[in-house]
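Remarks on the overall topology
Residue-level listing of the chains:
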Amino acid sequence: TLPPPPGPPKNTLTKLVNTPAHPFKAPRKNDIRGPCPGLNTLANHGYLPRNGVATPSQIVEAVQEGFNMGNDLAVFVTYAAHLVDGNLITDLLSIGGKTAATGPNPPAPATVGGLNTHAVFEGDASTTRGDAFFGDNHSFNETLFQELVSFSKKFGGGFYNTASAGQIRFQRIQDSIATNPQFSFISPRYYTAYAESVFPIVFFIDGRDSSGNLDLDIARGFYQNGRMPAGFFRANVTTGLNNLDIGSIFEAHPIEPGVNNGTVNSYTLDPDSADFSDFCKLYTDYVTKTVRGLYPNAKGQLLSALNKNLDFFFSSIKDQGCPQVPHFV
Ligand code: HEM
Ligand code: MG
């Protein structure tokens, strides 16, 4: 029996989170890290198991405790990832590459490949990670970080903030259109790209600082090293589905979902992809296409674990007014 995700914590105030009980330790030789600087940081500070393999409940707990992420957003993102990249029977997810530590494989086409797996959750035009087409979709990329630095100087007064993030997000999309013949920017990646551009502003800035400006050395600490600065206080505000300000980033340069058609500079809109006008379609398509595509005919224990995890996933958006997709049979 799978445990339901944890609820919201009692204390949602800012507080010291880089504590003696949660010191930074660089990952050991076999510890797994991946494309998410937030989860890498939580593992490096022992809010998640330092080996980089965790249950969805541990991830929800850790992002709430370490960064003050709202319960609905935490559950939504965590179960979205677990459903496509995690082992639904053992309840374990790798925050990076595939590992035997998550347990026996289900039948193909499911891969249980961890967060590095391309094109289910992880996707193109990341801020500091390259496109999978170029061979590495998860390691910190110094060239891309330098692009973040120069755009932050040019548009953000030397900081990563809403003004620079809007320009950087658009630039990363333009980079991929111009260089990656297989560039794909459709749902769910379309949403996560914008959300992940906001995360550093709401989660990587110290909770005692209301400037909205992320210092670039601190940004490097999180993105590159998965490290909180000394004395770091988590955010003073809980950020969840209803107050994550994607709009300010999107509106700087609105672009609709689409793909390159096998050649560079061939970006073609995909009218079948969910976009910001329909959040429920993001949810519905994720369940009926992305998840179902990996588990086209699950049976027995796997089927019940799948449906249970889909219930947990839906529980995070039950107030968003979307009808639940019926259980798989
Ligand atoms: C990127 C998963 C929470 C910050 C990613 C990616 C994954 C992921 C798979 C790679 C997507 C891509 O760029 O292609 C998760 C899961 C979470 C979570 C399952 C559970 C709640 C967080 C938190 C933070 C965070 C709490 C901040 C404290 C980021 C950022 C990126 C990212 C900034 C973009 C990195 C870049 O583009 O260079 N996350 N994440 N994430 N995540 Fe997380
Ligand atoms: Mg990526």
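Notes on the structure in this doc start here. Small disclaimer: the values here were computed from a predicted structure and weren't measured. (Residues numbered from 1 in each chain as written. Chains lettered and ligands numbered in written order. Predicted model: local features only at pLDDT ≥ 70, side-chain atom pairs only at ≥ 80, totals over all residues. Heavy atoms only, no water.)

A few points about the environment of Pro109
Residue position: Pro109 is located in the loop between β2 (93–94) and α4 (142–155). Sequence separation between Pro109 and Asn213 is 104 residues, and the spatial gap between their C-alpha atoms is 43 Å. If we ignore the near neighbours within four places in the chain, the residues touching Pro109 are Gly293, Leu294 and Pro296. (Helix = DSSP H or I, 4+ residues; strand = E, 2+ residues; numbered from the N terminus. Contact = heavy atoms within 4.5 Å.)

Focus: the coordination of the iron atom of ligand 1
For the iron atom of ligand 1, the protein supplies a single donor, Cys36 (SG), at a distance of 2.2 Å. By the element assignment, Cys36 lies in the segment before α1 (37–44). (Donors = N, O, S within 2.8 Å, 3.2 Å for Na, K, Ca; no water.)

Section: the site of ligand 1
If you check the shell around ligand 1, you find 28 residues, and the closest are Cys36, Gly123, Ser126, Thr127 and Thr128. A distance of 2.9 Å separates an oxygen atom of ligand 1 from a polar atom in the backbone of Gly123. In the environment of ligand 1, an oxygen atom lies 3.1 Å from a nitrogen or oxygen atom belonging to the side chain of Glu196. The cavity that encloses ligand 1 is the largest pocket. Those elements that place two or more of their residues in the shell around ligand 1 are α1, α2 (56–67), α3 (71–85) and α6 (189–203). Ranked by residue count, the leading element in the shell around ligand 1 is α6, at five residues. Residues of the shell around ligand 1, tallied by class, amount to 18 nonpolar, six polar and four charged. (Near = heavy atom within 4 Å. Polar contact = N/O pair within 3.5 Å; in protein donor to acceptor, adjacent residues only side chain to side chain. 1 Å grid on protein atoms, 1.4 Å probe; cavity = no way out; pocket = protein on both sides within 12 Å on 5 of 7 lines; lining within 4 Å. Sits in = over half its atoms within 2 Å of the grid points. Nonpolar A, V, L, I, M, F, W, Y, C, P; charged D, E, K, R; others polar.)

Any link to function would need more than the numbers given here.
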